Every structure is written in structure tokens, then in C-alpha cells.
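Observations on chain architecture
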Amino acid sequence: MEKILDMITAKMQRAFQDAGYDASFGRVTVSNRPDLCEYQCNGALAAAKQYHCAPIQIARAVAEKLDAGDYSLVDAVMPGFINLKLSDRFLQNYLEEMRTAENLGVEKIGAGKTIVVDYGGPNVAKPLHIGHLRSAIIGESLKRIYRFFGYNAIGDIHMGDWGLQMGLIIAELHERQPGLCYFDPDYTGQYPEEPPFTLSELEEIYPAASAKKKEDENFAAQAHTATFELQQGRRGYHALWKHIMNLSVADMTRIYDTLDVHFESWLGESDADPYIPAMVQSFKDQGLAVESEGALVIPVAEEGDKKEVPPCILVKSDGSSIYATTDLATMVQRMQDFHPDKILYLTDKRQALHFEQVFRAARKGGIIPEGVELEHLGFGTMNGRDGKPFKTREGGVMRLERLIGEMTEFVHAKVVENQIVEESEVEDTTAKIALAALKYGDLSNQPTKDYVFDMERFAAFEGNTGPYILYTIVRIKSILSRYGAWENLPIRSPANVYAKDLMLALTKFGTAVEGALKGSAPNLICAYIYELAGCVNKFYHETPILKEADETVKAGHIALIGLAKNVLETSISLLGFSAPEKM
Ligand code: ARG
């Protein structure tokens, strides 16, 4: 189904043509004078230059040619604007088509295309912390938006499971329990099924080792050696690594589940390892890699760079691979296994240079062919109310689990206090509201901007918040359930000005989701549903819906809010949360 603006533009272009002017002048935009009209076309002004006549003359001639049935207002005004208001009939037809169309009329422009969304990036053995929140929330939303447009969207968690943190744990464990069979190079038996540590021990071992590394050179060297030997395939270390992975992955899954974030692919940096030797060789063979202070690097600076772009390090001087190496090798793996048309990465924007280097190297080396798009969406920081990066009260990095827990507790108190639902539904309702608060609080900001995490504001039932949107949906659901079967009722002509505003807002759904897709901007969906929810509530307050005596009119009201419910629910599913039954 055509987007509303495209449809009106096409009609306007035909009118220009019918009036004897070039169709290309017929571009229509949303009005910047909503007090005067809903849409406008300024094409007559430009056309006047080409046709050497007064713009108003052209505007009038074009206005004559428009189909009067489509508009309640067509006004050619000085110096040559064409102001438009859509007719009731037009709105009714458009929304009825949207109501009955698949996907709410949004075309699946991504059908047949594949995108890999790389949006996890948690490091194994370290608990998820709030640094992982934005990536999870924004990435999950974008993945769902791509899917809505028909893309085969694969979310890949891309765990940090191959770096120094693994060597640190192994080295620390060696110091603590040197007698374990994993450290005996002559051991040839089976390794135990049970790990030699629990998850909480593991979570204590890593920071301890990390701190020790900074003070103890000897220990640091051991950790480096252990990392190297693990990567070379030392049996006992690999078995330890597997234990660490099993514990960590189970824990990550649990926490991502509470965020309703799900990955299709659970690969990590380690899975890229087998692709490294051939990839490095290929860079060498193509003469793209050069030696620099013992390391192998790929120069990627380009003419016209405004900032210095240093070479991309492929192999470190000690022969080990680093972040860029695994990212490049992962691209080889993804091209081979998924044949994507696009790879989208989400990380903190401080990694922008890394991705610039890696993308350039990948293009140079032919890993990523020209037709395949690469995008890095670097997001801003989540700050506390003091405007500084969000910290715990004790000043540490907050665990994601704790953040979710605090939000849940906060919402729980409200749910209980307001006696919103039956005892048995408290938990589920609380979880849904808390998730909406958390996700909408994040997603309503432009991804690249920093934002302030404000629990009270995010969880408020009024204002531009997730709970407010849920509340609106719940309100509609409650009316619909009191009405009865509503799914097949057709859209009718607007019954009043509030209905018309709501209808106008509904027609903009396609534009909003497409904007979110093209601009990697779920915030556009948030802004859209906030406006839409406002129209729903205004209509609700000004219109007796169930009390309407005329059954036909009532059915029209119901059909309209039913469509609004579908649009709102679809939108929040694209943002990654859902509405409870009661609130
Ligand atoms: N593990 C990385 C980190 O903690 C993030 C990984 C992001 N994805 C990627 N392909 N580099 O910074």
C-alpha cells in the first residue's frame, strides 16, 4: 500500500501534468502551518521560474485539476502555495484499505534480503551491566523493524569469548587450584562434566584477576600466555573455556529473556578463529598488509580524511589476534553462512573509529563486496540524573540485572498500591510495565544522543512514557471487550473533529516506520505513537463511544479505535515490548 504522502504526491503530480506543467513539481509535504491545512505543495513557485509566469496562476490551474472528492480543502494562496485538507471519504478509504491489508499496508521492501544485526557484545564471565542495555534495546528494536519490512533479520550476539579475559580467568584459577587436571599438560583423560567453579565464583574470579594484572607483571604475562595457548587449542584450557561458556551463556540467556531480547545466532569471537589464518593470508597475498613494529597492519587512511585514521591492526607483534582481527574474520564467516545484504553493528559510539577501520579493511580485502552495506550505529551514553555516566549509589558499574530489578520493584509498588490487577496477575503486569518504561525511556531518544535515566519519569503513567502508551492500549482493549466482536467492522467517515484527527494520525503509520527503518531511528516510532495515543485519548474524552445511541455510528467509533489498537500494538512490538490486559 502506498504511503499517504506518496499517494497525495502522485495525485498532485498528475494535476500538474493535466494543467500542462512538468509532473516533477508536484511534491507534497506535511504542512508547516497546521492551523491552515494538513498538507501543502510549493511546486508552483519553482515551476513559475521555468514557465515564466506568476506562481499563483500555476497554483490555481493545478488546484482546478485535483479531484475535489479527495479533499475538504484545496486552496491556492499567494504567492503560489497549494494548501490541502483531506476529505472524509479519502481518509475513510485509506484507513479501510490499511485495516484490511496485510502488515497494516506496509510493503515488505526487504523481502528476499538478509540483514545481520550484531547487537549483543557481552563479554563472557563478566556479568551484563548497564553498558549492554542500549545495545540490547536498540538492536532488538531495529531487528524487529527490519523483520516487519520483510527482511530475514538475524540477530547475532557476538560474545566476547576469546580475548584476554579468558586467559585472566585461567591464570587466576591456576594460582588458586594448581592441582586441577585442566592444568596438567600430560593429562589425557576425560575432563569432568561439572565445572570447578560456580557462576558467582566465576564472577568474583574475573575482577580479582583483572585487578591483579595491573599490579603483577608476572601474572599479566601468565594471562597472556594462557590466552595464546587457549587460542592455539590447548586441551585443558579449552575444557575450562567450555565450562566458563556454559555458565555464562545460561546466565546471559536468562537476563536477555527478561528484556524480551532474543538472538538467532549465539556465535562469539571464538567462532571467528578458524577463519583467521586464511583471511590474514589473503590480506598478505593482496599486498594489503604491511609490517609495523612487528605487527601486521592494514593501512586504511584515505584522501580527504578529516581525522587521522590509523592502520587496522591485523596481527599483534606476539602473533595473537585482536578485536579487529576477530571482527574481520567474523565478516568472512557471516558472508559465507548468511549471505547478508547488510550487516548492522550496535555499540557505544566510542567504537566508531574501530568500525571505520574494520569496514575499510574489509572493503579493501574484498571480504565485503560492494553491494553489501555495512553500518555502525554508535549510541550515546546512559547518564544518571547528575548528567554523568550512570553509576550505582556506591559509585560502581551497575549490573543490568540490578537495574531491571530496581525498575521492577518501583513499578511493582505502584501496581500493588493502585490495586490494578488481581493478585495472580501482579507479577506479569508489573514486568510488562517495567519493560515498557525501560525500553521506551531509552528508545524515545535519538540513539546517538546521551540520555538521562530517570526511573520515576520513565515509569510515570502520564507523559511521554512507555506506561502511558500501554495505558492507552489497555483503555482501548477494555472498550472493545465491552463492545463485543469488532474485528470485521469497517472504517467509517469521521464522526467528529477528534475522530478526524485520529484518522489523520493513523494514516501516518507507514511513514513513521519507514523513517525508523531508513534512519535506524526507533525514536521516530516513539514520537509517532505518542502523538497517536494523544489523539486516541482526546477522542475518547470527547466522544461517548459505548453510550452512542446510533449503532452505525457506534460501530464506526469501535472500528476506529480497533485500528488504533492494532497500530499501537504493532508499534510497541517493533519497540520490543507488549501491553498487559489491565492497568
Ligand atoms: N564485546 C565488545 C565490547 O564489549 C562488543 C562487541 C560488538 N560487536 C562487534 N562485532 N565488535 O566492547
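Structure: see above.
Please read these numbers as outputs of a predicted model, since none were measured by experiment.

Structural notes on the packing of helix α4 (residues 88–100) against helix α18 (residues 497–507)
- Interaxial distance between α4 and α18 falls to 10 Å at its minimum, and their mutual angle equals 50°. Comparing their axes, α18 and α4 come out oblique. The way α4 lies across α18 gives a crossing that is left-handed. Contact residues: Asp88, Leu91, Gln92, Tyr94, Leu95 and Met98 in α4; Lys500, Met503, Leu504, Leu506 and Thr507 in α18.
- Classifying every residue of the contact of α4 with α18 gives seven nonpolar, two polar and two charged.

Points about the sheet that holds strand β7 (residues 290–292)
- Pairing is antiparallel across the open sheet formed by three strands, whose spatial order is β7-β8-β9. At either margin of the open sheet sits one strand with a lone partner, and together these are β7 and β9 (312–315). Averaged over all pairs of adjacent strands, the angle between their axes in this sheet comes to 50°, without regard to strand direction.
- Along the sheet, helix α11 (residues 276–285) contacts β8 (295–298) and β9; its crossing angle with β9, the most-contacted strand, is approximately 120°.
- Contacts from helix α12 (residues 323–338) reach β8 and β9 within the one sheet, and its direction differs from that of β9 by about 80°.

Side note on the packing of aromatic side chains
- The full count for this structure, using the stated rule, is 22 aromatic pairs.
- Arranged with centres 5.0 Å apart and planes meeting at 40°, the rings of Tyr187 and Tyr191 form a pair that is tilted.
- Here Tyr187 falls in the partly exposed class, since its relative accessible area comes to 25%.
- Each ring, one from Phe390 and one from Phe453, has its centre 5.1 Å from the other, and the planes form 80°; the classification is edge-to-face. Of this pair, Phe390 sits in the loop between β12 (382–383) and α14 (400–417) while Phe453 sits in the loop between β13 (451–452) and α16 (455–458); the two residues are 63 residues apart in sequence, bridging distant segments of the chain.
- Classification of Phe390 by relative accessible area gives buried; the value is 14%.

Some remarks on helix α8 (residues 217–232)
- Along its 16 residues, α8 runs 22 Å from first to last C-alpha, staying within 8% of the 22 Å computed at 1.5 Å per residue.
- Among all positions in α8, only Phe219, Ala220, Ala223, Ala226, Thr227, Leu230 and Gln231 are buried. Down the axis of α8, the buried set is contained in an arc of 130°. They therefore lie on one face. In this structure, α8 carries Glu217, Asn218 and Gln232 as exposed residues pointing more than 90 degrees from its buried face.
- If you follow the buried residues of α8, they end up packed against α6 (164–176), α7 (199–215) and α9 (235–258).
- For α8, the capping residue at the N-terminal end is Asp216, with a side-chain oxygen 3.1 Å from the backbone nitrogen of Asn218.
- At the exit of α8 stands Gly233, carrying a positive phi of roughly 100°.

Rules used throughout
- Residues numbered from 1 in each chain as written.
- Predicted model: local features only at pLDDT ≥ 70, side-chain atom pairs only at ≥ 80, totals over all residues.
- Heavy atoms only, no water.
- Axes fitted to C-alpha atoms, helices over the stretch in contact; angles between N-to-C directions.
- Helix = DSSP H or I, 4+ residues; strand = E, 2+ residues; numbered from the N terminus.
- Parallel < 35°, antiparallel > 145°, perpendicular 65-115°, else oblique.
- Left-handed = near helix turned anticlockwise from the far one by under 90°.
- Contact = heavy atoms within 4.5 Å.
- Nonpolar A, V, L, I, M, F, W, Y, C, P; charged D, E, K, R; others polar.
- Pairing = 2+ DSSP bridges.
- Phe/Tyr/Trp six-rings, centres within 6.5 Å; stacked < 30°, edge-to-face > 60°.
- Buried < 20%, exposed > 50% of the residue type's maximum accessible area, 1.4 Å probe, protein only.
- Expected span 1.5 Å × (residues − 1).
- Arc of directions from axis to C-beta.
- Polar contact = N/O pair within 3.5 Å; in protein donor to acceptor, adjacent residues only side chain to side chain.

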